Amino acid sequence: MPAAKYSEEFKAQVVREVIEKDRTIASVAASYDLVAQTVGNWVAKYRKDHATDQDRQKASESAEIAKLRAENRELRQENELGEKSSRLLREGTTVTERYELINREEGHYPIASMCQWSGVSRSGYYFWRDRPESIARVRRKELSIMIKDAFADSDGTYGYRRIQAYLERRGVRADGATIRSIMHDLGLEAAQPRAKVRTTVPAEDLDQRPDLMRRDFTADEPGRKWCGDITYISTWAGFVYLATVLDCCTKKVVGYAMADHMRTSLVCEAIDMAAKRCPVEEGVTVFHSDRGSQYTSQRFLDHLKTYGIRPSVGRTGVCWDNAWAESFNATLKNERVHRMVYPTRQKAINDIASWIELRYNHVRLHSALGYRTPNEIEQEFLDLTKAA
């Protein structure tokens, strides 16, 4: 449809409505059933044709100010981008890294300006951005999602090796180096242990008692070799003390007891729980500990004898002689206690018991078990016993 032609008189009448009556271009256009852009063009032409020297000077100054503002804005944006990407914009960075930076900042700065600041072409960037994703890139994105889920499911405690085992148990195979790289990119770091505080009190006697473990914390069957230790947990109300009994075959916490003291009765209660939950073979089962006064007391020795358990102790002051129990304490503190705040002793007791039973024994993957759980190993032995 050909454009309508309007007389100069008509155009002048419409323009006067805007200039003399101080009406908006939109309202005047609506009154005459015209397009607002058309009326705006007529008004702009009139002002240009009838401009005074003062008007031209103002227009020139406005244009200069606008130009300076644009240049200032561009310099500010360039400095902001430079601060965000000082590493990426230095010499030696790859073109792909620069493209990725531009892609991340799209919408914050003009693409043309970012390409200029980064020293890449716009056409090259658009080609890179709009290309189909490679199979490797798609795979890495999928792995990133699964790794984040696995890390969250572990309560932030799994490193790349356990993440790899976790994924393999779900049918997903991935190289350990790739998982470690993705975790680094995602900022996922497993909980790190704090400095250990020693709590055991060495005894001065019983030097003749043998070390039946000899730092070999493995066993062919459950209930053959146990080890244990005492550790403390801080609460707002004071300390809670935890005594444990660990099975060297299944790596399971088979017995534990908690209280606001660390008397001999505490370690006796842990042995009682272990004897109920794990088979004891009289004269064969060994319980190994350090030389803390609770473990070397006559009362505790008598308590072991009631079950036919053989006592074993490490050397005084040599923590490696009870390394497995020390390792469990470090894991407990690192993966749970140091990430919690306990207002009362009972809160701590309930939380730690839940962590032992529901996570450590039932869910947590153990590298020494081929990245399986203690309960899975225990069940395998139970099934073999039933089959026999």
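What counts as what
- Residues numbered from 1 in each chain as written.
- Predicted model: local features only at pLDDT ≥ 70, side-chain atom pairs only at ≥ 80, totals over all residues.
- Heavy atoms only, no water.
- Helix = DSSP H or I, 4+ residues; strand = E, 2+ residues; numbered from the N terminus.
- Areas by Shrake-Rupley, 256 points an atom, 1.4 Å probe, with all protein chains shown as cover.
- Axes fitted to C-alpha atoms, helices over the stretch in contact; angles between N-to-C directions.
- Parallel < 35°, antiparallel > 145°, perpendicular 65-115°, else oblique.
- Contact = heavy atoms within 4.5 Å.
- Nonpolar A, V, L, I, M, F, W, Y, C, P; charged D, E, K, R; others polar.
- Pairing = 2+ DSSP bridges.
- Expected span 1.5 Å × (residues − 1).
- Buried < 20%, exposed > 50% of the residue type's maximum accessible area, 1.4 Å probe, protein only.
- Phe/Tyr/Trp six-rings, centres within 6.5 Å; stacked < 30°, edge-to-face > 60°.
- Lys NZ or Arg CZ within 6 Å of the ring centre and 35° of its normal.

Chemist: Outline the overall build of the protein chain, listing residues and values.
Modeler: The helix and strand inventory of the protein chain stands at 15 helices and five strands. A total of about 22900 Å² of accessible surface is found on the protein chain, and carbon and sulfur atoms cover 51% of it.

Chemist: Break down the packing of helix H5 (residues 95–105) against helix H7 (residues 122–130) for me, citing the residues and quoting the values.
Modeler: It is at 10 Å that the axes of H5 and H7 come closest, and there the two elements cross at 80°. Judged by the inter-axis angle, H5 sits roughly perpendicular to H7. Between H5 and H7, the contacting residues are Thr96, Tyr99, Glu100, Ile102 and Asn103 on the first element and Gly124, Tyr125, Trp128 and Arg129 on the second. Residues belonging to the contact of H5 with H7 are distributed by class as follows: four nonpolar, three polar and two charged.

Chemist: Tell me about the sheet that holds strand E1 (residues 225–235), and name the residues and values.
Modeler: Pairing in this open sheet of five strands is mixed, and the strands run E3-E2-E1-E4-E5 from one edge to the other. Only two strands of the sheet have a single partner each, and these edge strands are strand E3 (253–259) and strand E5 (310–313). Here the strands of the sheet are splayed against their neighbours by 25° on average, with no regard to which way each runs.

Chemist: Can you lay out helix H13 (residues 323–335) for me, pointing to particular residues and giving the numbers?
Modeler: Note that an α-helix has 3.6 residues per turn; residues three or four places apart therefore point the same way. Helix length check: H13 (13 residues) gives 18 Å between terminal C-alpha atoms against 18 Å at 1.5 Å per residue, within 8%. Burial analysis of H13 places 10 of its 13 residues in the buried class, which makes it a mostly covered element. Within the sequence span of H13, burial applies to Trp324, Ala325, Glu326, Phe328, Asn329, Thr331, Leu332, Lys333, Asn334 and Glu335. On its buried side, H13 packs onto E1, strand E2 (238–247), E3 and helix H14 (345–360).

Chemist: Now, about the pairing of E1: what can you tell me, with residues and values included?
Modeler: Two faces belong to every sheet, and in a regular strand the side chains alternate between them. Of all 11 residues that make up E1, 10 are buried, and the element is covered over most of its length. Note that E1 and strand E4 (residues 286–289) share three bridges and pair parallel. Paired with Lys225 across the strands is Val286, a residue of E4. Two strands pair when backbone bridges link them, and E1 and E2 are joined in this way by 10 bridges, in the antiparallel orientation. Its bridge partner being in E2, Gly228 is matched across the sheet by Val245. In this structure, the hairpin formed by E1 and E2 is closed by a connection of two residues.

Chemist: Please set out the packing of helix H1 (residues 8–19) against helix H3 (residues 36–49) residue by residue, giving values where relevant.
Modeler: Where H1 contacts H3, the axes come no closer than 9 Å and their chain directions differ by 85°. By the angle between their directions, the pair H1 and H3 is classed as roughly perpendicular. Contacts between H1 and H3 involve Phe10, Lys11, Val14, Val15, Val18 and Ile19 from the former and Val39, Trp42, Val43, Tyr46 and Arg47 from the latter. Classifying every residue of the contact of H1 with H3 gives nine nonpolar, no polar and two charged.

Chemist: Before we move on, could you go through unusual backbone geometry and cite the residues and values that matter?
Modeler: In this structure, Asp33 is a non-glycine residue whose phi angle is positive, near 60°. Looking at the secondary structure, you find Asp33 in the loop between helix H2 (25–31) and H3. Here Asp33 falls in the exposed class, since its relative accessible area comes to 71%. One non-glycine residue, Asp155, lies in the positive phi region at around 65°. Secondary-structure assignment places Asp155 in the loop between helix H8 (135–153) and helix H9 (160–168). Overall, the relative accessible area of 30% leaves Asp155 in the partly exposed class.

Chemist: Before we move on, could you go through H14 and cite the residues and values that matter?
Modeler: With 16 residues, H14 ought to run about 22 Å at 1.5 Å a step, and its terminal C-alpha atoms sit 21 Å apart, in line with that. Turning to H14, its buried residues are Ala348, Ile349, Asp351, Ile352, Ala353, Trp355, Ile356, Arg359 and Tyr360. Of the surrounding secondary structure, the elements contacted by the buried residues of H14 are H8, E1, E2, E3, H13 and helix H15 (374–387).

Chemist: I'd like a rundown of the pairing of E2, residues and numbers included.
Modeler: Of all 10 residues in E2, eight are buried; the element is thus mostly enclosed. Sheet topology places E2 next to E3; six bridges connect them, and they run antiparallel. Bridge pairing in E3 places Tyr241 opposite Ala259. Count of turn residues in the E2/E3 antiparallel hairpin: five residues, of which Lys251 carries a positive phi of about 65°.

Chemist: Got a sec to walk through the environment of Pro210? Specific residues and values, please.
Modeler: With respect to the secondary-structure elements, Pro210 resides in the loop between helix H10 (176–186) and E1. Aside from chain neighbours lying at most four places away, what touches Pro210 is Pro311, Ser312 and Val313.

Chemist: Any details on the packing of aromatic side chains? Residues and values, ideally.
Modeler: Two aromatic rings are characterised by how far apart their centres lie and by the angle between their planes. Following the criterion strictly, the structure yields 16 aromatic pairs and no others. Aromatic side chains Tyr6 and Phe10 sit 5.3 Å apart centroid to centroid with 20° between the ring planes, which places their arrangement in the stacked category. By relative accessible area, which is 34% here, Tyr6 ends up partly exposed. Members of the aromatic cluster, joined through ring pairs, are Tyr6, Phe10, Tyr32 and Trp42. Directly above the ring of Tyr166 sits Arg170, whose terminal nitrogen or CZ lies 3.7 Å from the centroid. Geometry around Tyr160 places Arg180 over its ring, the cationic atom sitting 4.8 Å from the centre.

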